[in-house]
Amino acid sequence: MPELFRSQSTGDAASEEGEVRVLSLTDDDAEQLIGSLSSETARSIVTALEARPATASELAESVSTSLQNVRHHLGNLEEAGLVDVADTRYSVKGREMTVYAATQDSLVVCVGADTEEFSTP
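Residues numbered from 1 in each chain as written. Predicted model: local features only at pLDDT ≥ 70, side-chain atom pairs only at ≥ 80, totals over all residues. Heavy atoms only, no water.

### Comments concerning the pairing of strand 3 (residues 83-90)
So, point 1. Bridge count between strand 3 and strand 4 (residues 96-102): 7 bridges; the pairing is antiparallel. By the bridge assignment for strand 4, Arg89 is matched with Met97. (Pairing = 2+ DSSP bridges. Helix = DSSP H or I, 4+ residues; strand = E, 2+ residues; numbered from the N terminus.)

If you want it as structure tokens, here you go:
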């Protein structure tokens, strides 16, 4: 897992390992993020995608839920910036399937702090 806070000496490491996103608890983005992670299923999906990219049907099988439920959570997680479309695969029947992956960004949500204090170089 990438470091949350990088020292000034790391230079361009943030772009190699992902950016550090810093949000105040009062930001609209933080509300969306926290809402998208409030479900155990959503957290299981993110955890599975951290291990390896997967299609919605593969995720439904690995987290033991319906395809419809996975698609709902993937939409929320993608809007919150936690999941990205990584690729497209084709099924045996020739259907196009979207492959999802967890973003590589580190995330910090600050409570009662000025987010500028945590900006990375």
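### Points about a nonpolar patch on the surface
So, point 1. A contiguous nonpolar patch, built from Leu25, Ile34, Val109 and Val111 and spanning about 330 Å² of accessible area, is present on the exposed surface.
So, point 2. Judged by its relative accessible area of 42%, Ile34 is partly exposed. (Patch = residues over 30% accessible without salt bridge, like charges linked within 9 Å, V, L, I, M, F, W, Y side chains within 5 Å. Areas by Shrake-Rupley, 256 points an atom, 1.4 Å probe, with all protein chains shown as cover. Salt bridge = Lys/Arg side-chain N within 4 Å of Asp/Glu carboxyl O. Buried < 20%, exposed > 50% of the residue type's maximum accessible area, 1.4 Å probe, protein only.)

### Quick word on the sheet that holds strand 4
So, point 1. Strands sit in the order 2-4-3 across an open sheet of 3 strands; the sheet is antiparallel. A strand with exactly one partner marks an edge of an open sheet, and here the two such strands are strand 2 (54-55) and strand 3.
So, point 2. Packed onto the sheet, helix 3 (residues 40-51) meets strand 2, strand 3 and strand 4 and runs at close to 90° relative to strand 4.
So, point 3. Contacts from helix 5 (residues 67-79) reach strand 3 and strand 4 within the one sheet, and its direction differs from that of strand 3 by about 130°. (Contact = heavy atoms within 4.5 Å. Axes fitted to C-alpha atoms, helices over the stretch in contact; angles between N-to-C directions.)

### Notes on the layout of surface pockets
So, point 1. Put simply, the second largest pocket is a space of about 190 Å³.
So, point 2. Lining the second largest pocket, in full, are Thr55, Ala56, Ser57, Leu67, Arg71, Leu74, Gly75, Glu78, Glu96, Met97, Thr98 and Tyr100.
So, point 3. Where the lining of the second largest pocket is concerned, the elements lending two or more residues are helix 4 (56-62), helix 5 and strand 4.
So, point 4. The element contributing the most residues to the lining of the second largest pocket is helix 5, with 5 residues. (1 Å grid on protein atoms, 1.4 Å probe; cavity = no way out; pocket = protein on both sides within 12 Å on 5 of 7 lines; lining within 4 Å. Points joined across faces, edges and corners; volume = space filled by probe spheres on them.)

### Focus on unusual backbone geometry
So, point 1. Residue Ser64 is not a glycine yet carries a positive backbone phi of 55°.
So, point 2. Tracing the backbone through its elements, the reader meets Ser64 in the loop between helix 4 and helix 5.
So, point 3. By relative accessible area, Ser64 is classed as exposed at 67%.

### Observations regarding the packing of helix 3 against helix 5
So, point 1. At a closest axis distance of 10 Å, the pairing of helix 3 and helix 5 adopts a crossing angle of 75°. The angle between the axes of helix 3 and helix 5 places the two elements in the roughly perpendicular class. Residue-level contacts link Thr41, Ala42, Ile45, Val46 and Leu49 of helix 3 to Asn69, Val70, His73, Leu74 and Leu77 of helix 5.
So, point 2. Looking at the contact of helix 3 with helix 5, its residues break down into 7 nonpolar, 3 polar and no charged. (Parallel < 35°, antiparallel > 145°, perpendicular 65-115°, else oblique. Nonpolar A, V, L, I, M, F, W, Y, C, P; charged D, E, K, R; others polar.)

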